Amino acid sequence: MYSDIYVTLSVEESIKVLQEWVETKGNFIRKIGKNIIDKCTIDFGEGKKAVIVVIEYYTWRNSNQMTATVVIDNAEGNTKIHITVGGSSQGLIFSYDYGAGESLEENLKSLFQCYKIEMR
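*Asks:* Can you tell me about the overall build of the chain, naming the residues and giving the values?
*Replies:* When its secondary structure is counted, the chain shows two helices and six strands. Reading the helices (α) and strands (β) of the chain from amino to carboxyl end gives β-α-β-β-β-β-α-β. Looking at the chain as a whole, 36% of its 120 residues are labelled buried. Long-range pairs, those at least 24 residues apart, make up 54% of the contacts in the chain with a sequence separation of at least 6.

Structure, rendered in structure tokens:
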């Protein structure tokens, strides 16, 4: 699963929105943890940059372990946020995330919904 969103925020402002979401732990019964496990900045010069953030996300309800990779860049002018989510629950025969991956992707997209701009 992946999504691209263009926003009116700068790269730095987008990172701040993401950081605030990670630091808000939420309902303990639903979520044990979400943590930024890696963050890398690539500077292209002339004010252009990309920030890659890897988030670890765990839900207790289904024992889902997921990661979300969020790439925020302004290489094309407008700030683009690219979200990729992966992971699954622990299963004896097979692993399935029971919709948690899609839910995590929607949660991340909703953070930026009020800043979203349509690109043509």
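*Asks:* Explain unusual backbone geometry to me, using residue names and the numbers behind them.
*Replies:* Positive phi, normally seen in glycine, also occurs at E46, with a value near 55°. Position of E46 among the secondary structure elements: in the loop between β2 (31–45) and β3 (48–59).

*Asks:* Give a description of the packing of aromatic side chains that names residues and reports values.
*Replies:* Enumeration over the complete set of coordinates arrives at one aromatic pair. Residues W21 and Y57 carry aromatic rings whose centres are separated by 6.0 Å and whose planes lie at 10° to one another, so their mutual orientation is stacked. Placement of W21 in helix α1 (residues 11–23) and of Y57 in strand β3 is noted, with a sequence separation of 36 residues between them. Given the relative accessible area of 13%, W21 is considered buried. Residue classification places Y57 among the buried positions, given a relative accessible area of 5%. Positioned above the aromatic ring of W21 is the side chain of K34, whose terminal nitrogen or guanidinium carbon lies 4.1 Å from the ring centre.

*Asks:* Which residues make up the nonpolar core, and what values do they have?
*Replies:* Counting residues in hydrophobic clusters, the biggest one holds 24 residues, and the most contacted among them are L18, W21, I55, V70, L104, L108 and F112. Contributions of two or more residues to this core are made by β1 (2–7), α1, β3, β4 (64–73), β5 (79–89) and α2 (100–111). By residue number, the principal contributor to this core is α1, which donates six residues. When sequence neighbours within four positions are dropped, the list of residues in contact with V70 reads L18, V51, I52, V53, I55, I81, H82, I83 and L108.

*Asks:* Can you lay out the environment of V51 for me, pointing to particular residues and giving the numbers?
*Replies:* Mapped onto the fold, V51 is located in strand β3. Placed 20 residues apart in sequence, V51 and V71 show a C-alpha to C-alpha distance of 5.7 Å. Not counting the four nearest positions on each side in its chain, V51 is found in contact with V11, I15, K39, C40, T41, V70, V71 and I72.

*Asks:* Hey, could you go over the confidence of the model for the chain for me, with residue numbers and the actual values?
*Replies:* Confidence along the chain averages 82 in pLDDT terms, with 75% of residues attaining 70 or more. The lowest-confidence element of the chain is α2, averaging 81 in pLDDT; the highest-confidence one is strand β6 (residues 116–117), averaging 94.

*Asks:* Mind laying out the pattern of salt bridges, listing which residues take part and the relevant values?
*Replies:* Applying the stated criterion to the full structure yields three salt bridges. Here E12 ties to K49 by a salt bridge, and the two come within 2.5 Å at their closest N and O atoms. In this pair, E12 is assigned in helix α1 and K49 in strand β3, connecting sequence segments 37 residues apart. Residue classification places E12 among the partly exposed positions, given a relative accessible area of 43%. Given a relative accessible area of 23%, K49 falls into the partly exposed group.

Rules of the game
- Residue numbers run consecutively from 1 along every chain, following the written order of its sequence.
- Per-residue local features are limited, in this predicted model, to residues with pLDDT of at least 70; the limit for side-chain atom pairs, both in listing and counting, is 80 or more; totals at the level of whole chains, interfaces and linings are taken over all residues.
- Computation of side-chain values covers all heavy atoms of the structure but excludes hydrogens and water.
- The secondary structure listing takes helices from DSSP runs of H or I that are at least 4 residues long and strands from runs of E that are at least 2 residues long, numbered from the N terminus.
- Only protein chains enter the area calculation, which uses a 1.4 Å probe; residues under 20% of their type maximum are buried, those over 50% are exposed, and those in between are partly exposed.
- Contact definition: two residues touch when any of their heavy atoms are within 4.5 Å.
- Pairs were defined over the aromatic rings of Phe, Tyr and Trp, the Trp ring being its six-membered one, requiring ring centres within 6.5 Å. Orientation was assigned from the angle between planes: stacked under 30 degrees, edge-to-face over 60, tilted for the rest.
- Ring-over charges, as used throughout, are those where CZ of Arg or NZ of Lys falls within 6 Å of the ring centre and within 35 degrees of the ring normal.
- As used in this record, nonpolar core signifies buried Ala, Val, Leu, Ile, Met, Phe, Trp, Tyr and Cys residues forming a set joined through side-chain atoms within 4.5 Å.
- Each residue carries a pLDDT score, the predictor's own confidence in it, on a scale running from 0 to 100.
- In the sections that follow, a salt bridge refers to a side-chain nitrogen of Lys or Arg positioned within 4 Å of a carboxyl oxygen of Asp or Glu.

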